[in-house]
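What follows is each chain in one-letter form.
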Amino acid sequence: MKKSPYPLPRFSVNRPVTVTMILLAMLVVGAIAYSRIPLALFPEGLEWPRLYAFAPYPNAGAIEVEKKVVRLMEEAVAQVSGVKGMYSTAYRGGGTVEVEFQKEVDLRVAFNEMRDRFDRIMPNMPDEIEQLLVRGWDANDVPVMAGAITFPPGLSDPRLLLDTYVEPALSRIEGVGNVEIFGTSDKQVLVEMDQDKMSSHGINIFQTVNDLSSQNVTVPGGWIVEGGKKIYLRSVGRYQTVQELSETIVDPEHQLTLKDIASVSYKPPKKDRSDRINGQELMGFAITRSAEANVVRISREVRTSLEELARHPKLKGMEYVVFGDQGKLVTLSVHNLRDSGLWGGLFAAIVLFFFLRAVRMTLIITLAIPLCIMVTITALYFAGWSLNVATMMGLMLSLGLVVDNAIVIVENIFRMRQNGIDPSRASIEGAGEVGLPVTMATLTTVVVFLPLVLMGTSDEMAFWMLRIGVPVMVGLVASLFIALLIIPLAALKMGSDRKRSDSTAIIWLQKRYQRSLRWVLTHRLDSFILVVLAAASVRVPMEGISKTDQSRRDETRIQLNFEMPSGQDLEQAEVFMKTMEDTLVANRALYNVADIHTSFRASNGEIKMFLQEEEDLEWYSVAWSDLLKKIGISNQRYLDYEEVEEDLQKRLQMPAGVTMSVNRQDTQEDPAVSVTLYGEDTRVLMGMAQEVERRLESIPGLRSVDTDMDRGGTELQLRLDRAQMQRLGVSAQVVSGTISYALRGQKINKFHT
């Protein structure tokens, strides 16, 4: 029996009910998948082959952190198997080590090995370091929403209100993984020594601190056997109340208690930094999601919950500002995808109608766009993927490709029916004749994306290319399936046999095309030379195009960083930062600023200007606005982003000893140009870095030159006289410890109530 040619088009025409049910099934399943597919900003499953180690070392300078902490951490990491490289940073108050591993390394095993190596070096670490933190990178750790909460001045304990009402309410939202509240310090038991009283009573601060530390302990004491029972012992020596601590005897001979020489209180520690939003003290919050949670739904419910909390009688006067919201970005991306599909379908319909001059045929072809998107979303849903920036980029790329197959097949069917062929036969043979070329063209386009997916230069690149390429490939295969199975039946039922003549414009274009084709065929050498010249001319615009390996920067905020003299206190920094704030507030309208977030310590600070959110305009409104700007008749009343950057550098005059940078970038990950100095002596490298910075600043075209070097402060070194210490019977540890406890304090241990 001879095999029937064109099986798919013939099945489409001969089995209309079956094909119709297939179409309905595609629509129903696609609608369900679209309503249930997770929405996220980043794709799931990305695992960076990196681990990060953190070592908090309070009140220590960068040089001290490097010598006592970071170098020990580097030596421990060097003994971990599979390490490809490491990047260490020492700064005031701690140090970090970023470790990159080989591709084949299991990060879980590497994590455990790093923890083991760090546990071994803990005895060599300074006493102030309680533990070394190790963690990896997870997309779910990126906050889906971050913002600030402010209360009216005068509240005694706003942190208590957040912990009691706000945090529990946000944590109860389905899909929320963690709610972090920051910006205020928890209360502490502070023992503030009176130097005059200690000197008059001859109390040694070093001995007193060590005695307090040794008394606030709970130690297992073994067990005893009594009456045939084994009873465990535990020595409970922890302080239960602040009063008990204050009545501790520090001088048994004279029965002096701690409250006789010190002030003991339970209160927040002395403020060492300030955070505020629009001039008001703030407490920040960051919300992370659990795995597979819907970012858009979390964002919507968090905003609803915050509105309800603001009306709570116990939280009267509470206000909140949202800085970052992944849900809003994802929603905007989905809307852009929807609008792109609608506008793309409309433009495709206009172009097709111009050539076909048949409304029904135009509608048949346009039908391929939403069907292909629906099939692609269905495939992503059942694959366990989400709609995110990568998959939606792939969907947008496929919008202009999915109509090609339908155009070729519909045009051929339309031509046959114009020639008087029976509609059923025209649908079968029209689709079948071009079925092979259409299939080859589709598969060729699909194959083009395979190298991007399978041959990435790195695991991260391959991961992103897979999320972008798969939607394109699925959409193309779906367009081929729809063109061969759905389009023939649609053309049969919706097509028309009425003959239509070509328009004058099309006839004119056809004549010009035929004339050009004859010239090319009769002047082959000239045509070849023209092609070579055209290919070579591409170099001219390529040389004029700005090139960068960076993605487009975030133009919703502008960040100012300030480095101030290290010898000043927080009050002096407050005066300077208030001056900067006042200048920005005075130009709020000119800069189009919505909120101003200020954060500073005694020697450094930053101001983030969050710009007003622009209305989500359609493409034609944006194009019209850009056109008006180019011809100089724009009615925009505020400066553009780059104009704001330039105006800030001119308007904000820095006093002596203060430096400012605008939109300073991370010198490790995202600078335009990065210069790295290597060497063994950190002090020499610091001096060379200053010279490199000075020379680079002389290069025209550079907006700013920044270094990741901690400026530090003036250091006073005490060199101990060992001969004198031996005569007085004093050890170096006692001298150094006494000075350290007196100047920067000491965290003894935890106080349990």
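If you're wondering where the values come from, they're calculated on a predicted model, not measured in any experiment.

What counts as what
- Residues numbered from 1 in each chain as written.
- Predicted model: local features only at pLDDT ≥ 70, side-chain atom pairs only at ≥ 80, totals over all residues.
- Heavy atoms only, no water.
- Helix = DSSP H or I, 4+ residues; strand = E, 2+ residues; numbered from the N terminus.
- Buried < 20%, exposed > 50% of the residue type's maximum accessible area, 1.4 Å probe, protein only.
- Contact = heavy atoms within 4.5 Å.
- Areas by Shrake-Rupley, 256 points an atom, 1.4 Å probe, with all protein chains shown as cover.
- Lys, Arg positive; Asp, Glu negative; His and termini not counted.
- Charge placed at Lys NZ, Arg CZ, Asp CG, Glu CD.
- Pairing = 2+ DSSP bridges.
- Patch = residues over 30% accessible without salt bridge, like charges linked within 9 Å, V, L, I, M, F, W, Y side chains within 5 Å.
- Salt bridge = Lys/Arg side-chain N within 4 Å of Asp/Glu carboxyl O.
- Phe/Tyr/Trp six-rings, centres within 6.5 Å; stacked < 30°, edge-to-face > 60°.
- Core = buried A, V, L, I, M, F, W, Y, C linked by side-chain atoms within 4.5 Å.
- Axes fitted to C-alpha atoms, helices over the stretch in contact; angles between N-to-C directions.
- Polar contact = N/O pair within 3.5 Å; in protein donor to acceptor, adjacent residues only side chain to side chain.

A.B. asks: What's the story with the overall build of the chain in this structure? I'm lost.
C.D. replies: A tally of regular secondary structure across the chain gives 29 helices and 19 strands. With respect to the three principal axes, the spread of C-alpha positions in the chain is 120 × 80 × 55 Å. Each of the 753 residues in the chain was classed as buried or not, and the buried ones make up 35%. In the chain, 73% of the contacts between residues at least 6 apart in sequence involve partners at least 24 apart. Here the chain has roughly 45100 Å² of accessible surface; of this, 56% comes from carbon and sulfur atoms. For the chain, the separation between the mean place of its 81 positive charges and that of its 91 negative charges on side chains is 9 Å.

A.B. asks: I'm lost on the side chain of Thr376 in this one. Help?
C.D. replies: Mapped onto the fold, Thr376 is located in helix α13 (residues 368–382). Not counting chain neighbours up to four residues away, the residues in contact with Thr376 comprise Leu395, Pro471, Val474 and Gly475.

A.B. asks: Help me out: how do you make sense of the pairing of strand β9 (residues 229–236) in this one?
C.D. replies: The side chains of a regular strand alternate, first on one face of the sheet and then on the other. Among the 8 residues in β9, 0 count as buried, and that is only a small part of the element. In terms of strand pairing, strand β8 (residues 218–226) meets β9 through 8 bridges, oriented antiparallel. Pairing of Val219 across the sheet is with Ser235, part of β9. Hairpin connection, β8 to β9: the antiparallel pair is bridged by 2 residues, and Gly227 has positive phi, about 65°.

A.B. asks: Explain a nonpolar patch on the surface here, please?
C.D. replies: Together, Trp519, Val520, Leu525, Phe528, Ile529, Leu530, Val532 and Leu533 line one region of the surface with nonpolar side chains, adding up to about 770 Å² of accessible area. For the nonpolar patch, the secondary-structure elements that each account for two or more residues are α20 (504–522) and α21 (524–537). Among the elements that make up the nonpolar patch, the one with the highest residue count is α21 (6 residues). Within the fold, Val520 resides in helix α20.

A.B. asks: For this particular structure, what's the right way to read the packing of aromatic side chains?
C.D. replies: This structure, assessed with the given rule, holds 4 aromatic pairs. Consider the rings of Phe463 and Trp464, whose centres lie 6.2 Å apart with planes at 90°: the pair is edge-to-face. Residue Phe463 is classed as buried on the basis of its relative accessible area, which comes to 9%. Ring geometry for Phe562 and Phe576: centres 5.5 Å apart, planes at 80°, overall edge-to-face.

A.B. asks: Is there a simple way to think about the nonpolar core in this case?
C.D. replies: In a soluble, globular protein the nonpolar side chains are often hidden away together inside. With 53 residues, the main nonpolar core has Met361, Ile364, Leu387, Ile409, Ile482 and Ile487 as its most contacted residues. Per-element accounting of this core gives the leading share, 9 residues, to helix α18 (residues 459–485). Here Ile487 is in contact with Ile364, Ala406, Ile409, Val410 and Ile482, once residues within four sequence places are set aside.

A.B. asks: Hey, could you run me through the sheet that holds strand β2 (residues 83–91) in this one?
C.D. replies: One key point about sheets: their strands pair by backbone hydrogen bonds, in either a parallel or an antiparallel sense. With respect to topology, 4 strands assemble into an open sheet ordered β2-β3-β1-β4, the strand pairing being antiparallel. The sheet is open, and its two borders are formed by β2 and β4 (133–136), each paired with just one other strand. Shown here is a sheet whose adjacent strand axes are inclined to one another by a mean of 20°, direction ignored. Sheet analysis places strand β1 (residues 50–56) next to strand β3 (residues 94–101), joined by 7 bridges and oriented antiparallel.

A.B. asks: What's the story with the side chain of Arg50 in this structure? I'm lost.
C.D. replies: Examined against the element boundaries, Arg50 turns out to sit in strand β1. Taking relative accessible area as the criterion, Arg50 reaches 17% and is therefore assigned buried. A polar contact of 3.3 Å, which involves the side chain of Arg50, links it to the side chain of Glu98. Here Arg50 is in contact with Glu98, Val99, Glu100, Leu107, Gly136, Trp137 and Glu460, once residues within four sequence places are set aside.

A.B. asks: Can you help me understand the pairing of strand β13 (residues 274–277) in this one?
C.D. replies: Burial along β13 is two-sided: the face carrying Ser274 and Arg276 and the face carrying Asp275 and Ile277 are both buried. Note: β13 against strand β17 (residues 593–600), 4 bridges, orientation antiparallel. When the sheet's bridge partners are listed, Arg276 is paired in β17 with Thr598. Bridging between β13 and strand β14 (residues 280–289) involves 2 bridges; their strand directions are antiparallel. Bridge pairing links Arg276 to Glu281 in β14. Connecting β13 to the antiparallel partner β14 that follows it, the hairpin turn spans 2 residues, and Asn278 within it adopts a positive phi of roughly 55°.

A.B. asks: Got a minute to help me understand a positive patch on the surface in this structure?
C.D. replies: Together, Lys511, Arg512, Arg515 and Arg518 make up a positively charged patch on the protein surface. Positionally, Arg515 belongs in helix α20.

So yeah, pure geometry; function would need other evidence.
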